[in-house]
Amino acid sequence: MTTIARFDASEFLDDDELVAEYLTAAMEDENPDVFIAALGDVAKARGMAEIAKASGLGRESLYKSLRGGSKARFETLHKIVNTLGLKMTIVADRAAS
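Conventions we followed
Residues numbered from 1 in each chain as written. Predicted model: local features only at pLDDT ≥ 70, side-chain atom pairs only at ≥ 80, totals over all residues. Heavy atoms only, no water. Helix = DSSP H or I, 4+ residues; strand = E, 2+ residues; numbered from the N terminus. Buried < 20%, exposed > 50% of the residue type's maximum accessible area, 1.4 Å probe, protein only. Polar contact = N/O pair within 3.5 Å; in protein donor to acceptor, adjacent residues only side chain to side chain. Contact = heavy atoms within 4.5 Å. Salt bridge = Lys/Arg side-chain N within 4 Å of Asp/Glu carboxyl O.

Focus: the side chain of S55
Of note, S55 is situated in helix α3 (residues 48–55). On the basis of relative accessible area, S55 is assigned to the buried category, the value being 8%. Looking at S55, its side chain comes within polar contact range of the main-chain oxygen of I51, at 2.9 Å. When near neighbours in sequence (up to four residues on either side) are disregarded, S55 contacts K79 and T83.

Right, here's the structure in full:
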């Protein structure tokens, strides 16, 4: 019998550019859970305890905010993104015109 290891994106998110591309791609999905899960992958890659401490969020609150279906507040997501050393930006979508 062959066993297949579960894929864990956090094991590969070790480069700032890769993290930015990963989160940008996740943001393009209409389902907000996709971005929240991707943000959770990045936080896991960087260390949940460290992110919780640096962001001022409790560790349990951080896990709860990054769980699928969490309906996390923008303020919380913004704080996590900033703590990760990233920033969110909006660009014009020329294809939508």
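Let us keep going from here.
As for unusual backbone geometry
Phi angles above zero are rare outside glycine, and K71 is one such case at about 55°. Within the secondary structure, K71 is located in the loop between α4 (59–65) and α5 (74–83).

Some details on the pattern of salt bridges
Per the stated rule, a full pass over the model turns up 3 salt bridges. Among the ionic pairs, K44 bridges to D8, the shortest N-O distance being 2.7 Å. Remark: D8 occurs in the segment before α1 (16–27) and K44 occurs in helix α2 (residues 32–46); sequence separation between them is 36 residues. A relative accessible area of 18% places D8 in the buried class. Residue D16 is joined to R46 by a salt bridge in which the shortest nitrogen-to-oxygen separation is 2.8 Å. With D16 in helix α1 and R46 in helix α2, this residue pair connects regions lying 30 residues apart in the sequence. Among the residues examined, R46 registers a relative accessible area of 28% and is labelled partly exposed.

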